[in-house]
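# Structural features, examined
Each chain, written out:
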Amino acid sequence: RIFHDSFKITDAEKVRMSIGIISTAALPGDSEVQLSVISPLKCIVGHFIIDLSAFETAWNSLFIWMNTNGYKKAEQNPFEIYLNNPSDHPEKKYMVDFYIPVEM
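Source: prediction; values computed, not measured. (Residues numbered from 1 in each chain as written. Predicted model: local features only at pLDDT ≥ 70, side-chain atom pairs only at ≥ 80, totals over all residues. Heavy atoms only, no water.)

### Remarks on the pattern of salt bridges
- This model, assessed by the stated rule, comprises three salt bridges.
- As a salt-bridge pair, Arg 16 and Asp 5 come within 2.8 Å of each other at their nearest N and O atoms. Within this pair, whereas Arg 16 is found in the loop between strand 1 (2-3) and strand 2 (17-18), its partner Asp 5 is found in the loop between strand 1 and strand 2, the two being separated by 11 residues in sequence. (Salt bridge = Lys/Arg side-chain N within 4 Å of Asp/Glu carboxyl O. Helix = DSSP H or I, 4+ residues; strand = E, 2+ residues; numbered from the N terminus.)

Listed below in structure tokens is the structure:
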């Protein structure tokens, strides 16, 4: 999931997001599905095993770490990569990586 807006400055119901899948195969695009490529980036990455209620805290902790350690967010949008189906986790938790692109 790619975030095109920040929950800090945009009302939650107006935050724009894109949902995608990772594929090494060429996929056809059409009017319903748009193809997008994430170019190689330098990112701060956080790996979390959390329930849905902890997502905001996890994101906030990464941005605090970024600012404390002198990094600046790049123009590219932050994104999440889900590593499991939480329904299959014994505690119904999400295994997820959060990415914040930073300037080089």
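### A short note on the pairing of strand 5 (residues 94-101)
- Most of strand 5 is tucked away, with six of its eight residues classed as buried.
- In this structure, strand 3 (residues 43-50) lies alongside strand 5, joined through eight bridges in antiparallel fashion. Residue pairing across strands places Cys 43 opposite Pro 101, the latter belonging to strand 5.
- Where strand 4 (residues 79-82) lies against strand 5, four bridges are found, and the strand directions are antiparallel. When the bridges of strand 5 are listed, Tyr 82 appears paired with Val 96. (Buried < 20%, exposed > 50% of the residue type's maximum accessible area, 1.4 Å probe, protein only. Pairing = 2+ DSSP bridges.)

### A look at the layout of surface pockets
- Size it by volume and the largest pocket reaches roughly 910 Å³.
- Taken together, 24 residues line the largest pocket, and the ones lying closest to its centre are Ile 19, Gly 20, Ile 21, Ile 22 and Ser 36.
- Examining the composition of the lining of the largest pocket, we find that four residues originate from one element, strand 4, more than from any other.
- Approximately 590 Å³ is the volume found for the second largest pocket. (1 Å grid on protein atoms, 1.4 Å probe; cavity = no way out; pocket = protein on both sides within 12 Å on 5 of 7 lines; lining within 4 Å. Points joined across faces, edges and corners; volume = space filled by probe spheres on them.)

### Overview of unusual backbone geometry
- Here the phi dihedral of Lys 92 falls at roughly 60°; this positive angle occurs in a residue that is not glycine.
- Within the secondary structure, Lys 92 sits in the loop between strand 4 and strand 5.

Purely geometric numbers; function is a separate question.
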